[in-house]
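Single-letter residue listing:
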Amino acid sequence: MQPEKLEEIRAWLRKASSDLRAAGVDLAVDPPLVGDALFHCQQAVEKALKGFLTAHDTPFRKTHDLDELSIACGRIDPELERDVDPALELTTFAWAFRYPGEREEPSREEAEEALALARQVYEAVLRRLPAEARP
């Protein structure tokens, strides 16, 4: 794999990892920043999937739609699409709770479950990439 491509893949995965870390920090403070944590969970999944697509030379449009990205990943690896399926509900967190007047935030427990899902997707993507593409 070309060095430039490897670096682009790693950049997506580093961003995903950073979002996972941010979500964990958001949930560790008192009171927890649930809405922000959920945003970072969605972002982590989105960026991990975009890293996978980049690794497979599959273009994608600028989107937060995890379902769309998952389907594209599934064309390459149907097992990955199945691994991502439980996390598709995170899509709405790309914009939900980002502005005043939106619906009530989920509980801390629900956010912790979202973080667990995001970590699972990130790990599933890593397992499918060559070692040199991992951050």
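Our subject is the structure that appears above.
### Describing the packing of aromatic side chains
Applying the stated criterion to the full structure yields one aromatic pair. With 5.8 Å between their ring centres and 70° between their planes, Trp 12 and Phe 60 make a pair best called edge-to-face. Highlighted residues: Trp 12 in helix α1 (residues 3-28) and Phe 60 in the loop between α2 (34-55) and α3 (66-76), separated in sequence by 48 residues. The class for Phe 60 is partly exposed, based on a relative accessible area of 29%.

### Here we look at the packing of α1 against helix α5 (residues 108-127)
Where α1 meets α5, the closest approach of the two axes is 11 Å, and the angle between their N-to-C directions is 160°. One way to sum up the angle between α1 and α5 is to call them roughly antiparallel. Crossing handedness for the pair α1 and α5: left-handed. Contacts from Leu 13, Ala 16, Ser 17, Leu 20, Ala 23, Gly 24, Leu 27 and Ala 28 of α1 reach α5 at Arg 108, Ala 111, Glu 112, Leu 115, Ala 118, Arg 119, Tyr 122, Val 125 and Leu 126.

### Thoughts on α5
Between its first and last C-alpha atoms α5 spans 29 Å; for 20 residues at 1.5 Å apiece the expected length is 28 Å, and the two agree. Every buried residue of α5 is accounted for by Ala 111, Ala 114, Leu 115, Leu 117, Ala 118, Val 121, Tyr 122, Ala 124, Val 125 and Leu 126.

Reading the values: rules and limits
- Residues numbered from 1 in each chain as written.
- Predicted model: local features only at pLDDT ≥ 70, side-chain atom pairs only at ≥ 80, totals over all residues.
- Heavy atoms only, no water.
- Phe/Tyr/Trp six-rings, centres within 6.5 Å; stacked < 30°, edge-to-face > 60°.
- Helix = DSSP H or I, 4+ residues; strand = E, 2+ residues; numbered from the N terminus.
- Buried < 20%, exposed > 50% of the residue type's maximum accessible area, 1.4 Å probe, protein only.
- Axes fitted to C-alpha atoms, helices over the stretch in contact; angles between N-to-C directions.
- Parallel < 35°, antiparallel > 145°, perpendicular 65-115°, else oblique.
- Left-handed = near helix turned anticlockwise from the far one by under 90°.
- Contact = heavy atoms within 4.5 Å.
- Expected span 1.5 Å × (residues − 1).

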